[in-house]
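Summary of structural features
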Amino acid sequence: MTGPLVVTAPPAVDPPHDCVLCPRLSGHIAAWRTKEPDWHNGPVPTWLPPQGENAVRLLIVGLAPGARGANRTGRPFTGDASGEALFAGLDRHGLARGHRPGSAGEGVDLIGTAITNAVRCVPPENRPVAAEINACRAYLEPTLARFAKLQAVLTLGKIAHDACIRALGGRVSAHPFGHGAQTALNGLTIVSSYHCSRYNMNTGRLTEAMFDAVIADVAGMVQGR
């Protein structure tokens, strides 16, 4: 006699809006909800192109939502300076359309590209702690697995890079971060870049030309050039 059929639900790829997995982050969001009740103020879901997940060949992974950017808008990298640099580069290389300088990502459509963050909730001072990065891997792992045609992952910053390597079952020491570095893991090409934050751009740690070169590389990979 066989036992009852057990149906296991697939792992969630986006956390619920009222996620309490990380008490410090959920408390921080609760404070933002009091100050700005009309904002998104919750975990930011992965942003997909209009054609849906089956069109995705490139996944871009950032660190975490900006307090007045994605935490306000509900879409990664929209509403702040880092998005200006990112969307300009994606538009130039056929990975997005509709970017207008100064629009903070409004009206942008992604092309064959999805965008997410290693940590889905806005952290105090833009700095998640290790326990929060590790906890949010519960959503990063299924996100990396959800795209059947995924070819490449662009990680923005060392924290996002290391989180992706671990989520894919790799050892960080075997796949070190470096601006413009490429490594292969689980059938994917992982390309890393300094984060396109206002600080990095203003200090010259990352220039527009440096960032553009990385985006050009990943665009060539997923567009078959």
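Cut-offs used in this document
Residues numbered from 1 in each chain as written. Predicted model: local features only at pLDDT ≥ 70, side-chain atom pairs only at ≥ 80, totals over all residues. Heavy atoms only, no water. Buried < 20%, exposed > 50% of the residue type's maximum accessible area, 1.4 Å probe, protein only. Helix = DSSP H or I, 4+ residues; strand = E, 2+ residues; numbered from the N terminus. pLDDT = per-residue confidence, 0-100. Contact = heavy atoms within 4.5 Å. Axes fitted to C-alpha atoms, helices over the stretch in contact; angles between N-to-C directions. Parallel < 35°, antiparallel > 145°, perpendicular 65-115°, else oblique. Left-handed = near helix turned anticlockwise from the far one by under 90°. Nonpolar A, V, L, I, M, F, W, Y, C, P; charged D, E, K, R; others polar. Pairing = 2+ DSSP bridges. Phe/Tyr/Trp six-rings, centres within 6.5 Å; stacked < 30°, edge-to-face > 60°. Lys NZ or Arg CZ within 6 Å of the ring centre and 35° of its normal. Salt bridge = Lys/Arg side-chain N within 4 Å of Asp/Glu carboxyl O. Expected span 1.5 Å × (residues − 1). Arc of directions from axis to C-beta.

1. Observations concerning unusual backbone geometry
- Of note in the backbone geometry, Asn41 takes a positive phi value of approximately 50° without being a glycine.
- Here Asn41 falls in the buried class, since its relative accessible area comes to 1%.
- With a phi close to 55°, Asn186 is a non-glycine residue in the positive phi region.
- Within the element layout of this structure, Asn186 appears in the loop between strand 6 (182-185) and strand 7 (188-193).
- According to the relative accessible area criterion, Asn186 is exposed, its value standing at 55%.

2. A look at the confidence of the model for the protein
- Mean pLDDT over the protein works out to 92, with 93% of the residues at or above the 70 mark.
- Note on residues 5-9: pLDDT under 50 across the span, and zero contacts to partners over four residues away in sequence or across chains.

3. Remarks on the packing of helix 3 (residues 81-92) against helix 8 (residues 208-223)
- For the pair helix 3 and helix 8, interaxial distance at closest approach is 10 Å and the crossing angle is 50°. The angle between the axes of helix 3 and helix 8 places the two elements in the oblique class. The two elements helix 3 and helix 8 meet at a crossing, and its hand is right-handed. Judged by residue contacts, Ala85, Leu86, Gly89, Leu90 and Arg92 of helix 3 engage Glu208, Phe211, Asp212 and Ile215 from helix 8.
- When grouped by side-chain class, the residues that make up the contact of helix 3 with helix 8 number five nonpolar, one polar and three charged.

4. Overview of the sheet that holds strand 1 (residues 58-62)
- An order of 4-1-5-7-6 is seen for the five strands of this open sheet, with the pairing classed as mixed. The two strands at the open ends of the sheet, each matched to only one other strand, are strand 4 (113-117) and strand 6. Direction aside, neighbouring strands of the sheet carry axes that sit 25° apart on average.
- Along the sheet face, helix 8 touches strand 1, strand 5 (152-156), strand 6 and strand 7 and points at about 170° away from the line of strand 7.

5. Regarding the packing of aromatic side chains
- For the structure on display, the rule yields three aromatic pairs.
- Aromatic pair Trp32 and Trp39: ring centres 5.2 Å apart, planes at 20°, arrangement stacked. The same class applies to Trp32 as to Trp39, namely buried.
- Above the face of the Tyr194 ring, Arg205 is positioned so that its terminal group lies 4.2 Å from the ring centre.

6. Some thoughts on the environment of Phe147
- Among the structural elements, Phe147 can be located in the loop between helix 5 (137-145) and strand 5.
- Classification of Phe147 as buried rests on a relative accessible area of 4%.
- Leaving out residues up to four positions away in the same chain, Phe147 has contacts with Thr46, Leu48, Glu53, Val56, Leu59 and Ala114.

7. Notes on the pattern of salt bridges
- Under the defined criterion, the tally for this structure stands at seven salt bridges.
- Between Arg146 and Glu53 there is a salt bridge whose closest N-O contact spans 2.8 Å. Of this pair, Arg146 sits in the loop between helix 5 and strand 5 while Glu53 sits in the loop between helix 1 (23-35) and strand 1, placing them 93 residues apart in sequence.
- For Glu53, a relative accessible area of 30% translates into the label partly exposed.
- Close ionic contact of Lys158 with Asp162 constitutes a salt bridge, the shortest N to O distance being 2.5 Å. Placement of both Lys158 and Asp162 in helix 6 (residues 158-167) is noted, with a separation of four residues, approximately one turn of the helix.
- The partly exposed category is assigned to Lys158, whose relative accessible area is 46%.
- Salt bridges sharing partners connect three or more residues here, namely Arg92, Glu208 and Asp212.

8. A few points about helix 1
- Relative to the 18 Å expected for 13 residues at 1.5 Å per residue, helix 1 spans 19 Å between its end C-alpha atoms, a close match to the ideal helical length.
- Turning to helix 1, its buried residues are Leu25, Ile29 and Trp32. With its buried residues spanning 55° around the axis, helix 1 presents them on a single face. Away from the buried face of helix 1 by more than 90 degrees, exposed residues Pro23 and Thr34 are located.

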